[in-house]
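Per-entry structural report
Each chain, letter by letter, is given below.
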Amino acid sequence: MTTFDKREQGFEAKFVHDEEFMFKATARSNKLLGLWAAGQLGLSGDAAASYATTLVTDHLESRAIADVVDKVSGDLAAKGIAREQVALKLQECLHQALAQFEVDKQ
């Protein structure tokens, strides 16, 4: 195996690792957003957990942030919560998820 081949394998391994990490971070941030939204909707216990889980599982394949924001903002529109607020909360949740992963690594 040449140095170039080893280097290529290293880049491929890093790409796979980074993609897996972002997948997990996105799923966790969607769950955190779902729990927050459930609280805004007055859901608690199993109903809140179910809402959060549904938000994660429904958006696993597309992984489009806009889809998640659209879904949650649509659910919260009657509560007077704007799409921009939901988008900001999703950013907060992503930062929180990334911080949780950092703590988990230690």
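For the structure given in this document, a descriptive report is provided here. (Residues numbered from 1 in each chain as written. Predicted model: local features only at pLDDT ≥ 70, side-chain atom pairs only at ≥ 80, totals over all residues. Heavy atoms only, no water.)

**Focus: the packing of helix H1 (residues 3-40) against helix H3 (residues 65-76)**
In the contact formed by H1 and H3, the axes pass within 10 Å of each other and the chain directions differ by 10°. One finds that H1 runs roughly parallel with respect to H3. In this structure, H1 contributes Asn30, Leu33, Trp36, Ala37 and Gln40 to the contact, and H3 contributes Val68, Val72 and Leu76. When the residues that make up the contact of H1 with H3 are grouped by side-chain class, the tally is 6 nonpolar, 2 polar and no charged. (Axes fitted to C-alpha atoms, helices over the stretch in contact; angles between N-to-C directions. Helix = DSSP H or I, 4+ residues; strand = E, 2+ residues; numbered from the N terminus. Parallel < 35°, antiparallel > 145°, perpendicular 65-115°, else oblique. Contact = heavy atoms within 4.5 Å. Nonpolar A, V, L, I, M, F, W, Y, C, P; charged D, E, K, R; others polar.)

**Things to note about the packing of aromatic side chains**
Inspection of the entire model under this criterion finds 1 aromatic pair. Between Phe21 and Phe101, the aromatic rings sit 5.4 Å apart at their centres with planes inclined by 55°, giving tilted as the arrangement. In this pair, Phe21 sits in helix H1 while Phe101 sits in helix H4 (residues 83-105), placing the two residues 80 residues apart along the sequence. Exposure remark for Phe101: the relative accessible area of 13% places this residue in the buried category. Between the NZ or CZ atom of Arg28 and the centre of the ring of Phe101, over which it lies, the distance is 4.2 Å. (Phe/Tyr/Trp six-rings, centres within 6.5 Å; stacked < 30°, edge-to-face > 60°. Buried < 20%, exposed > 50% of the residue type's maximum accessible area, 1.4 Å probe, protein only. Lys NZ or Arg CZ within 6 Å of the ring centre and 35° of its normal.)

**Examining the pattern of salt bridges**
Pairing between side chains becomes possible if they bear opposite charge and their charged atoms approach one another. For the structure shown, the criterion picks out 5 salt bridges. As a salt-bridge pair, Lys14 and Asp18 come within 2.7 Å of each other at their nearest N and O atoms. Of the two residues, Lys14 and Asp18 both sit in helix H1, 4 residues apart, roughly one turn of that helix. Its salt-bridge partner being Glu20, residue Lys24 comes within 3.1 Å of it at the nearest N-O pair. Residue Lys24 and its partner Glu20 are both found in helix H1; the two are separated by 4 residues, about one turn of the helix. For Lys24, a relative accessible area of 41% corresponds to the partly exposed category. (Salt bridge = Lys/Arg side-chain N within 4 Å of Asp/Glu carboxyl O.)

**Let's talk about the layout of surface pockets**
Space inside the largest pocket adds up to approximately 200 Å³. Surrounding the largest pocket, 12 residues form its lining, Thr26, Ser29, Ile65, Leu90 and Leu94 being those nearest its centre. Those elements that provide at least two residues to the lining of the largest pocket are H1, H3 and H4. Its residues placed into classes, the lining of the largest pocket shows 7 nonpolar, 4 polar and 1 charged. (1 Å grid on protein atoms, 1.4 Å probe; cavity = no way out; pocket = protein on both sides within 12 Å on 5 of 7 lines; lining within 4 Å. Points joined across faces, edges and corners; volume = space filled by probe spheres on them.)

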